Amino acid sequence: MNRVAERLRIEALRSVLLRSAISIGLLSLALAGGLGLQVGLLGLSLCAGAWALGEHPPKRTFWRVASVLVSVSCVLVPPLTGLPWSAAGMVLLAYLQVHRARTGQGLADDRLSLLFAMLMVLLASTTTRSPWMGLVMLGLVLGLPTTLLVLHLAELERLRAVRSEPFSTRGRLLALLALGPGGLLVTAGFFLGIPRLNAEVLAEMGERQDLAGFDEGVELGEIGAIKDNQQLVLRMRVTDHDGVVQRGPFYVRGVALSGFDGSRWTARAGAVTRVSPADPAQVPEVPPLGTLLQQIQLEPVQAAPIFALTRVEALFTDQRVWRDARGLRWAEEARRREYSVISDPDQALSVPRRARRDPSLVELPEDLDPRILELAERVAGDQEEPWGKAAALQTYLHDNYAYTLLPTASTSGQALSVFLFDSRQGHCEYFATALAVLLRAQGVPARLVNGFYGGDFNPLSGQILVRQTHAHSWVEASMPHQGWVRFDATPSGALPEDTGSLLSQVLDALESRWYSSVLDYDLHQQIGTVSQLGQSVAALAGDEGEAASAPSPELPEGLLGALVLLAAGLGLATALGLMARRW
């Protein structure tokens, strides 16, 4: 009787653990979003229905036909419709999981279900950057070895095999607990030791965001379309020469556009040159006096420029970089990037000699409203120097026009004239365009710059969160003996303020750590970690005389923490295993 009760307990535990693992796998698909969300939730619902039906015999003919249809669809649909292969893989795995849940009858089927759950988590982890995937993967790592052991015990009970050292109930429980840290140790070993795919491979399957106004050109008013979007563009940690974290607000420069036809700004054609950035391993702990160090995490953005504070003195990245008329740009496709920049915000951008004689920087549209020329003359007054003209025009726009994200639409194609003489209200792009055109009307070279201003400062991570809603436009005007100087006519009260609750700050700090320590842990960092570990071990194993004269080796903070956790996990697993053998 005790034997029967014990077998029933093991079977019940097997059912709970197996269904939990299956649910984790399907929920990981849902975390991928898009089609994965639908597939994951539908698969979870169908599995729940299959479990509720219990022992009712399945209709095998139906499942044979369904298996053929799903398999053929997963092979033919992606090349015919452009559906990503990763999405087809999600559909196939979810179907197989539902199929096993309804038709599976043996422990071999249970092991297949565990394999499908593990494949789901791995596939979902390549298509989403959600930090919740960390909890999902941790649950699978801790639960998978335990579930496998329970399946093994269930198999032994079913076969009524004789074990040489049978465990009591308490011994079995301790053995199950010992598998968790052991599984975590194996997983950490794989994480540190298995060579990583290059991030560009996985980037093809990730989501990318479009960012209006940061590519070849922008229609007047287009920047306003993204001002209500809270999607994160980048995180930026800024420190000064003393190592003090700066919270801003800062102007984050993106692209410079110099061609204007009355309704659209475009980048002038120019030479494209390759830039040689510095080695990211050589980023200094503190920047030189008077400069600021920015450590930036950029989200996947289509055709993104290199966002940074002006003026860039040094760029640290291992990726290819180009410079064209718009500024510094990435040579590769959109992906998540981490890079560092040293900038001198007190220095204006230099004006190349050829640009000083470039007529396009003072060129005006042929059909420009003549009232704009009269306004520029009237506001500039008797100012003779470019500085005086720029200051007068900036003050006039700042003090006499209102900010709105819903400017009055123009039916005549003269949106700038409507802003200046009729509605007298608009967003930052209208203010910047008006200032640039008025400056050109006075013979001062000027161009439009699109970037970001401000951001949500997170005191927990020391990072500034820059979102699409922080997109901003301003003007760079060429000043004699200085270079390109920034002028911003947008009323200060219209610029976005620093916001963010404590909960959002905590979640973002965890998300940032998840990205930098796990998702962005690539082959380059892996080699560096192993190299540092080898150097530390070699130093510790050196001669006593050399050790006395040489500085004590220091492990990186992250690596040291990982080693401590691994040692603690190994100790716990060993202790629980010995206790299980005693009982």
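Residues numbered from 1 in each chain as written. Predicted model: local features only at pLDDT ≥ 70, side-chain atom pairs only at ≥ 80, totals over all residues. Heavy atoms only, no water.

**Here we look at the sheet that holds strand β19 (residues 483-487)**
- The strand order across the open sheet built from 4 strands is β4-β15-β18-β19, with neighbouring strands paired in antiparallel fashion. Of all strands in the sheet, those with a lone pairing partner are β4 (251-257) and β19, marking the two edges. In this sheet, neighbouring strand axes are inclined to one another by 40° on average, regardless of whether the strands run parallel or antiparallel.
- Bridge count between strand β15 (residues 446-453) and strand β18 (residues 471-479): 7 bridges; the pairing is antiparallel. Residue pairing for β18: A446 is matched across the bridge by A477.
- This element, helix α11 (residues 386-400), spans β18 and β19 of the sheet and lies at about 20° to β19.
- In this fold helix α13 (residues 428-441) packs onto β15, β18 and β19, with an angle of close to 15° to the strand it touches most, β18. (Pairing = 2+ DSSP bridges. Helix = DSSP H or I, 4+ residues; strand = E, 2+ residues; numbered from the N terminus. Axes fitted to C-alpha atoms, helices over the stretch in contact; angles between N-to-C directions. Contact = heavy atoms within 4.5 Å.)

**Details of the side chain of R467**
- Along the polypeptide, R467 turns up in strand β17 (residues 463-467).
- Take R467: its relative accessible area is 19%, and that puts it in the buried class.
- There is a polar contact of 3.1 Å between the side chain of R467 and the side chain of D456.
- Apart from residues no more than four positions distant in its own chain, R467 is found in contact with Q230, Q231, L232, V233, F452 and D456. (Buried < 20%, exposed > 50% of the residue type's maximum accessible area, 1.4 Å probe, protein only. Polar contact = N/O pair within 3.5 Å; in protein donor to acceptor, adjacent residues only side chain to side chain.)

**Examining the environment of G462**
- Within the fold, G462 resides in the loop between β16 (456-458) and β17.
- By relative accessible area, which is 6% here, G462 ends up buried.
- Every residue in contact with G462, bar those within four places of it in the chain, is listed here: M236, R237, V245 and F457.

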